[in-house]
Amino acid sequence: MDLTVKFEGDKALAAQLRTLSGPQIRQAHADALNTVAFRIRKDMQAEIARVFDRPTPFIAKAPKVFMATADKPSATIAPTMRSDNAWTSGGKVGVDPQDVLQAQEWGGQRRDKKSEVALRRAGILPPGMQTAIPARPYPGSDDGRGNIRGAFIAQLISYLQAASEQGFRANMTAKRKAAIHRGSQRQAGRRYFVSYGRLRGNRSSHLAPGIWAAAGTHGVDVRPVLMFVRQGHYQPRINMDRIAAQADRRAQFEKQFAFRINRILSEASA
């Protein structure tokens, strides 16, 4: 959202303003706008923490203030990781937080994650499906917030020979795969494989669609790692504009602006 507020103060303050230079007034105006913008950002972050279940810092800290300046009397608050502009396609990150939060605000289809794009291009993830962590996450796979760990999914993508230009490293060598199969003192040996369940007829058709791991003697310990599910759709859950408008932002701005003008006048008369 953009925050632009025009000041309509009392006559006494208006008279004081006439004694100041244009640059001084514009800077005071920008500083007051930025103070209010950061307050709105704090309210948005609190609402995200309230609405979502264990949000990641990536989402919880997403609202960013694009500050007003003396020459640009408008501050923008947008949930993006980009530092150059608001409401963009997301820069270097796989999915920009604004895409996630806009889906939560307006509803609609969940965008593919970077890992899902890689799995789909490799022909592993079927059309119309996305991935989900099982109710009991595979040991070492999740971050404690219901999301798969970046290092784990990168290894899985590499193991399945699905790495591409989408940000993952090169596909795993046969030597490295053999080491994973053997295991180590820290982690038992395991082998990853894909099941399509009833989607396709194969030897693992009794398993639900997804990526599985087999461990233990002769691979008898079989556990789900990442499930294939129908493409998700969000229902509206959060309204950023409502958060920004729920308090009297104009009154906050006028108070901040008056404070800065009075401070400038006090310093000038000292």
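Bear in mind the structure is a predicted one, so any value in this text is a computation, not a measurement. (Residues numbered from 1 in each chain as written. Predicted model: local features only at pLDDT ≥ 70, side-chain atom pairs only at ≥ 80, totals over all residues. Heavy atoms only, no water.)

Trainee: Even after reading the chapter, I still don't get the overall build of the chain, so can you show me in this structure?
Mentor: Summing up its helical and strand segments, the chain has 9 helices and 9 strands in all. Put simply, 55% of the contacts in the chain that link residues at least 6 apart link residues at least 24 apart. With an accessible surface of roughly 15,600 Å², the chain has 51% of that area assigned to carbon and sulfur atoms. (Helix = DSSP H or I, 4+ residues; strand = E, 2+ residues; numbered from the N terminus. Contact = heavy atoms within 4.5 Å. Areas by Shrake-Rupley, 256 points an atom, 1.4 Å probe, with all protein chains shown as cover.)

Trainee: Is there a simple way to explain unusual backbone geometry in this structure?
Mentor: Residues apart from glycine generally show negative phi values, whereas peptide bonds are mostly found in trans. Even without being a glycine, Q161 presents a positive backbone phi close to 60°. With respect to the element layout, Q161 can be found in the loop between α6 (150-159) and α7 (174-182).

Trainee: Explain the sheet that holds strand β7 (residues 210-215) to me, please; I cannot follow it from the model alone.
Mentor: Spatial strand order, β5-β8-β7-β6: 4 strands in an open sheet with antiparallel pairing. The outermost strands of the open sheet, each flanked by one partner alone, are β5 (129-132) and β6 (190-195). Each adjacent strand pair in this sheet contributes to an overall mean axis angle of 25°, direction not counted. Judged from the 4 bridges that link them, β5 and strand β8 (residues 221-230) form a sheet pairing that is antiparallel. By the bridge assignment, M129 is partnered in β8 with R230. Relative to β6, α6 is tilted by about 75°, and along the sheet it contacts β6, β7 and β8. (Pairing = 2+ DSSP bridges. Axes fitted to C-alpha atoms, helices over the stretch in contact; angles between N-to-C directions.)

Trainee: Would you mind showing me how to read the packing of helix α2 (residues 22-51) against helix α9 (residues 249-269) here?
Mentor: At a minimum axis distance of 9 Å, the contact between α2 and α9 shows a crossing angle of 140°. Considered as vectors, α2 and α9 are oriented oblique to each other. For the element pair α2 and α9, the recorded crossing hand is right-handed. Facing α2, whose interface residues are Q24, I25, A28, H29, D31, A32, L33, T35, V36, R39, I40 and D43, α9 presents R249, Q252, F253, Q256, F257, R260, I261 and I264. Residues that form the contact of α2 with α9 fall into these classes: 10 nonpolar, 5 polar and 5 charged. (Parallel < 35°, antiparallel > 145°, perpendicular 65-115°, else oblique. Left-handed = near helix turned anticlockwise from the far one by under 90°. Nonpolar A, V, L, I, M, F, W, Y, C, P; charged D, E, K, R; others polar.)

Trainee: What's the story with the nonpolar core in this structure? I'm lost.
Mentor: Generally speaking, a soluble globular protein has its nonpolar side chains buried in company with each other. Core analysis: the largest hydrophobic core is formed by 23 residues, its most contacted members being L119, L156, Y192, I211 and V225. Of all the secondary structure elements, the ones that give two or more residues to this core are α5 (114-121), α6, β7 and β8. Element by element, the count of residues in this core is highest for α6, at 5 residues. Look past the residues within four positions of L156 in its chain and what remains in contact with it is Y192, I211, V225 and L226. Among the nonpolar cores identified, the runner-up in size contains 19 residues, and L33, A75, I243 and I261 belong to it. (Core = buried A, V, L, I, M, F, W, Y, C linked by side-chain atoms within 4.5 Å. Buried < 20%, exposed > 50% of the residue type's maximum accessible area, 1.4 Å probe, protein only.)

Trainee: What's the story with the packing of aromatic side chains in this structure? I'm lost.
Mentor: For any pair of aromatic rings, geometry is given as the distance between the ring centres together with the angle between the planes. Within this structure, the stated rule accounts for 5 aromatic pairs. For the ring pair F152 and Y192, a centre distance of 6.3 Å and an interplane angle of 85° mean the geometry is edge-to-face. Taken together, the positions of F152 in helix α6 and Y192 in strand β6 put the pair 40 residues apart, joining distant regions of the chain. With a centroid separation of 5.0 Å and 90° between ring planes, the pair formed by Y159 and Y192 is classed as edge-to-face. Of the two residues, Y159 sits in helix α6 while Y192 sits in strand β6, which places them 33 residues apart along the sequence. (Phe/Tyr/Trp six-rings, centres within 6.5 Å; stacked < 30°, edge-to-face > 60°.)

Trainee: Where do I start with the confidence of the model for the chain in this structure?
Mentor: One rule of thumb: low pLDDT means the predicted coordinates there are not for detailed reading. With 74% of its residues at a pLDDT of at least 70, the chain reaches an overall mean of 78. In the model of the chain, strand β1 (residues 2-3) stands out as the element of lowest mean pLDDT, 57, in contrast to β7, which has the highest, 94. Counting contacts from residues 84-93, a segment whose pLDDT is below 50, to residues more than four positions away or on other chains yields 27 contacts. (pLDDT = per-residue confidence, 0-100.)

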